[in-house]
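Commentary on secondary and tertiary structure
Take a look at the letters that make up each chain.
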Amino acid sequence: MKFEQKVCEHIPGLMRYAFALCGEKAQAEDLVQDCLERALRKRHLWRPASTIKPWLFRILYHIYLNQRGSARYRKESLMENAGENLAEPSGHEAALHCRDAMAAIYRLPEEQRSALLLMVLEGPSYKEAAEILGVNAGTLRSRVSRARETVRKFCGEEGSKSSAEISGERITQSGVLLQRVK
């Protein structure tokens, strides 16, 4: 299989992760395009004996970190609570809970947010995810654990253990499924 074909197989996953990191489709598309362009330019650095997915995701993540501080990717808001008091149509509780969970995720520190989003969206092994993010597997486990706990607190989850929680899954009161990744 050609290098370009291997790269193209991972574009949907790169888009999911980029969108989760950026929060905007246009920025995510730009981020993935920059990632693909760099991967093609630096193809000589990829070791054919290794898996290409962690290499691509590592490129994407590093570009994101580099661009995060630039004025082009800064998000500014006139008011921190803009639009919070708008009336919500009834019957959309699930969408509201999802919105609250995403707001909680975006309130996380960058390291925790990127680790949690990578594990939840792409489901790599801890070893693979740690390689992508450039940290130890233990550090990654700690970040994901702290991120999940913080999201639970933000969503008001302090409930008792359920059968789903005992099996490694946990559904918060807001209906968000938090799953332990092995």
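The following refers to the structure shown. (Residues numbered from 1 in each chain as written. Predicted model: local features only at pLDDT ≥ 70, side-chain atom pairs only at ≥ 80, totals over all residues. Heavy atoms only, no water.)

1. Structural notes on the packing of helix H7 (residues 126-133) against helix H8 (residues 137-154)
Rules: A fitted line through C-alpha atoms represents every axis, and for helices the fit uses only the stretch in contact; the resulting angles, taken between N-to-C directions, go from 0 to 180 degrees. Helix and strand assignments come from DSSP, with helices taken as H or I runs of at least 4 residues and strands as E runs of at least 2, each series counted from the N terminus. Should an angle fall under 35 degrees it is called roughly parallel, over 145 degrees roughly antiparallel, and 65 to 115 degrees roughly perpendicular, with every other angle called oblique. Whether two residues are in contact is decided by their heavy atoms, any of which lying within 4.5 Å being enough. For this classification, the nonpolar set comprises Ala, Val, Leu, Ile, Met, Phe, Trp, Tyr, Cys and Pro, the charged set comprises Asp, Glu, Lys and Arg, and every other residue, Gly included, is treated as polar.
As a packed pair, H7 and H8 sit with axes 9 Å apart at the nearest point and diverge in direction by 95°. Looking at the two axes, H7 sits roughly perpendicular to H8. Where H7 approaches H8, its residues Tyr126, Ala129, Ala130 and Leu133 are matched on the opposing element by Ala137, Leu140, Arg141, Val144 and Arg148. When grouped by side-chain class, the residues that make up the contact of H7 with H8 number seven nonpolar, no polar and two charged.

2. A word on the nonpolar core
This is how it is decided: Residues belong to one nonpolar core when they are buried, are Ala, Val, Leu, Ile, Met, Phe, Trp, Tyr or Cys, and are joined through side-chain atoms within 4.5 Å. Residue burial is assigned from relative accessible area. The probe radius is 1.4 Å, only protein chains are included, and a residue is buried under 20% of its type maximum, exposed over 50%, and partly exposed in between.
Within the largest apolar cluster, 44 residues are counted, with the highest numbers of intra-cluster contacts made by Leu14, Tyr17, Trp55, Leu60, Leu133 and Leu140. Taken together, the elements giving at least two residues each to this core come down to helix H1 (3-9), helix H2 (11-22), helix H3 (25-41), helix H4 (52-68), helix H5 (93-106), helix H6 (110-122), H7 and H8. The element best represented in this core is H4, accounting for nine residues. Leave out the neighbours within four places in its chain, and tyrosine 17 touches Phe57, Leu60, Tyr61, Ser114, Leu117, Leu118, Leu121 and Leu133.

3. As for the packing of aromatic side chains
Aromatic ring pairs: the centre-centre distance and the angle between the two ring planes describe each pair. Going by this rule: For this analysis, a ring pair means two rings from Phe, Tyr or Trp (six-membered ring only for Trp) whose centres lie within 6.5 Å, classed as stacked if their planes differ by under 30 degrees, edge-to-face if by over 60, and tilted for the remaining angles.
Taken as a whole and assessed by the stated rule, the structure comprises three aromatic pairs. With a centroid separation of 5.7 Å and an interplanar angle of 50°, the aromatic rings of phenylalanine 3 and tryptophan 46 are classed as tilted. A residue pair is termed long-range when its members are at least 10 positions apart, and phenylalanine 3 in helix H1 and tryptophan 46 in the loop between H3 and H4 qualify at 43 residues. Consider the rings of phenylalanine 3 and tryptophan 55, whose centres lie 6.1 Å apart with planes at 70°: the pair is edge-to-face. Here phenylalanine 3, found in helix H1, pairs with tryptophan 55, found in helix H4; they are 52 residues apart in sequence, far enough to count as distant. By relative accessible area, which is 11% here, tryptophan 55 ends up buried.

4. Concerning the side chain of serine 114
For clarity, the cut-off: We call two N or O atoms a polar contact when they sit within 3.5 Å, provided that within protein one can donate a hydrogen and the other can accept it, with sequence-adjacent residues counted only if both atoms are side-chain atoms.
Here serine 114 lies in helix H6. Assessed through its relative accessible area of 1%, serine 114 is described here as buried. Engagement of the side chain of serine 114 in a polar contact is seen with the side chain of tyrosine 61, the distance being 3.2 Å. In this view, serine 114 contacts Tyr17, Leu21, Tyr61 and Leu133; residues no more than four positions away in its chain are not counted.

This is a description of form; function is not addressed.
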